[in-house]
Amino acid sequence: MSVVKSPLSDADLKVVGEALQGALIDAVDLSLVAKQVHWNVVGPRFRSIHLQLDEVVATARQHSDVMAERASALGVTPDGRAGTVASSTAIKNVPTGWIKDDEAVRIMVDALVVVIGRMRERIETTDKPDPVSQDLLIALTADLEKHAWMFQAESREAGQELG
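Under an unreviewed UniProt entry, the protein has the name DNA starvation/stationary phase protection protein and belongs to Streptomyces lavendulocolor. Turning to the protein, the UniProt annotation filed under Sequence similarities (unreviewed entry) states: "Belongs to the Dps family."

Set out below in structure tokens:
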């Protein structure tokens, strides 16, 4: 049953729907990963990293809502349930327990690199079928790349290749 009639063809809607669903999953999981690290980070740079992690959470949550609402506007039901996110994510699990500040930065750089790579693929696949959705994916990717830059600059290995 489709409640909303999409302006896209069925083939284009499939491509765009998958891209938006994937972006939703990545954004939801990124927010969860960042919050888990936020709660458990320790070390001399605790405060700055703790606050920086909340910025990632806010970005991911805002964009997850944008992705879900765009999917709904096109007639695709978004699925952000925990089981769906857990079974579809490409982000590595966060270790349990306290996380030293250097490790927190590494975890976030790794997670952001994975998500940015997947987002860039989605940007390419939505170029022709739906430039409107592509624009939303570009905006999310730009924000994620800014966070990745900031965490890389925060790294004690700044200047060395990360990810």
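On we go from here.
1. Some thoughts on the pattern of salt bridges
Applying the stated criterion across every chain, the model contains 13 salt bridges. For Arg45, the salt bridge goes to Glu154, with nearest N and O atoms at 3.1 Å. With Arg45 in the loop between strand E1 (41–42) and helix H2 (46–73) and Glu154 in helix H5 (residues 131–154), this residue pair connects regions lying 109 residues apart in the sequence. Two residues, Arg81 and Asp79, come together in a salt bridge whose shortest N-O distance is 2.8 Å. Connected through shared salt-bridge partners, Arg45, Asp101, Asp102 and Glu154 make up one network.

2. Some points on the nonpolar core
Leu30, Val37, Met108, Leu144 and Phe151 are the most contacted members of the largest nonpolar core, which has 43 residues in total. For this core, the secondary-structure elements that each account for two or more residues are helix H1 (10–40), H2, helix H4 (101–125) and H5. If you tally residues by element for this core, the top one is H1, at 12 residues. Non-local contacts of Phe151, meaning those with residues more than four positions away in its chain, are made with Ile49, Gln52, Leu53, Val56, Val105, Met108, Val109 and Leu112.

3. What to know about the environment of Gln36
The topology assignment puts Gln36 in helix H1. For Gln36 and Gln21, which are 15 residues apart along the polypeptide, the C-alpha to C-alpha distance reads 23 Å.

4. Remarks on the environment of Val115
Note that Val115 resides in helix H4. Exposure remark for Val115: the relative accessible area of 2% places this residue in the buried category. Along the sequence, Val115 and Ile91 sit 24 residues apart, while their C-alpha atoms lie 7.4 Å from each other. Beyond its immediate chain neighbours, meaning those up to four positions away, Val115 contacts Asp26, Ile91 and Leu144.

How each quantity is defined
Residues numbered from 1 in each chain as written. Predicted model: local features only at pLDDT ≥ 70, side-chain atom pairs only at ≥ 80, totals over all residues. Heavy atoms only, no water. UniProt positions renumbered as here; feature names shortened; annotations may be inferred. Salt bridge = Lys/Arg side-chain N within 4 Å of Asp/Glu carboxyl O. Helix = DSSP H or I, 4+ residues; strand = E, 2+ residues; numbered from the N terminus. Core = buried A, V, L, I, M, F, W, Y, C linked by side-chain atoms within 4.5 Å. Buried < 20%, exposed > 50% of the residue type's maximum accessible area, 1.4 Å probe, protein only. Contact = heavy atoms within 4.5 Å.

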